[in-house]
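Fold and contact review
So the chains spell out like this:
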Amino acid sequence: MNRSSLQDYFLLFPQESVCPPIPLLFPLVHCVIAVNFYIIGTMFLMFILQSKVIALIVIMVYCAMEAAMLHFVFPQYSVFRGAFNTPDFYHILPVNIRLLAEASAVMLAVILLFYKSRYAMRN
């Protein structure tokens, strides 16, 4: 067997190949940043939209888009990368995780800057 046919064989039958070790820190960092993004993203949507129902609908629509076709169109930038396509456990901060971290920081800054002024105007 030549090298290319051996690689094709391992792609077809991954149980026959040796899996390279995955550093435990990388998936943990990915999970922490993703969970942080989901929490802050939900808070941000509820803050901006001021309706829990509309915020929930926006979240569910995005999840449906991600599960259907969005991960085919933008595989690297997918928020749920790894759930519907191949995860990147060999880089500590792949593109999608960096985007989640940056978006979390921006959304948290907006919430902290405008929270007091928005609810002061209500009362």
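Details of the structure are given in the entry above.
Report follows, based on the coordinates. As the structure is a computational prediction, the values presented were derived from the model and not from experiment. (Residues numbered from 1 in each chain as written. Predicted model: local features only at pLDDT ≥ 70, side-chain atom pairs only at ≥ 80, totals over all residues. Heavy atoms only, no water.)

So, about the packing of aromatic side chains. One pass over the structure, following the stated rule, counts 2 aromatic pairs. Consider the rings of F37 and Y38, whose centres lie 6.0 Å apart with planes at 65°: the pair is edge-to-face. Classification of F37 as buried rests on a relative accessible area of 17%. (Phe/Tyr/Trp six-rings, centres within 6.5 Å; stacked < 30°, edge-to-face > 60°. Buried < 20%, exposed > 50% of the residue type's maximum accessible area, 1.4 Å probe, protein only.)

End to end, helix α2 (residues 25–49) covers 36 Å across 25 residues, agreeing with the expected 36 Å (1.5 Å per residue, within 8%). All buried positions along α2 are accounted for by F26, P27, H30, I33, A34, F37, I40, G41 and F47. Of the residues one or two after α2, Q50 is the one with positive phi, at around 55°. (Helix = DSSP H or I, 4+ residues; strand = E, 2+ residues; numbered from the N terminus. Expected span 1.5 Å × (residues − 1).)

The interhelical angle for the contact between α2 and helix α3 (residues 52–73), taken along N-to-C directions, is 130°, at an axis separation of 8 Å. Taken together, the axes of α2 and α3 lie oblique to each other. For α2 against α3, the interelement crossing comes out right-handed. For the pair α2 and α3, contact is made by T42, L45, M46 and L49 and by K52, I54, A55, V58 and I59, respectively. Residues belonging to the contact of α2 with α3 are distributed by class as follows: 7 nonpolar, 1 polar and 1 charged. (Axes fitted to C-alpha atoms, helices over the stretch in contact; angles between N-to-C directions. Parallel < 35°, antiparallel > 145°, perpendicular 65-115°, else oblique. Left-handed = near helix turned anticlockwise from the far one by under 90°. Contact = heavy atoms within 4.5 Å. Nonpolar A, V, L, I, M, F, W, Y, C, P; charged D, E, K, R; others polar.)

Turning next to a nonpolar patch on the surface. A surface patch of nonpolar side chains, about 640 Å² in accessible area, is lined by M69, F72, V73, F74, Y77 and L99. By residue number, the principal contributor to the nonpolar patch is α3, which donates 3 residues. Assignment of secondary structure puts V73 in helix α3. Taking relative accessible area as the criterion, V73 reaches 51% and is therefore assigned exposed. (Patch = residues over 30% accessible without salt bridge, like charges linked within 9 Å, V, L, I, M, F, W, Y side chains within 5 Å. Areas by Shrake-Rupley, 256 points an atom, 1.4 Å probe, with all protein chains shown as cover. Salt bridge = Lys/Arg side-chain N within 4 Å of Asp/Glu carboxyl O.)

Turning our eyes to something else, we now look at the environment of G41. Positionally, G41 belongs in helix α2. C-alpha of G41 to C-alpha of L108: the two residues are 67 residues apart in sequence and 8.5 Å apart in space.

So far we have only geometry, and geometry alone does not tell us how the molecule works.
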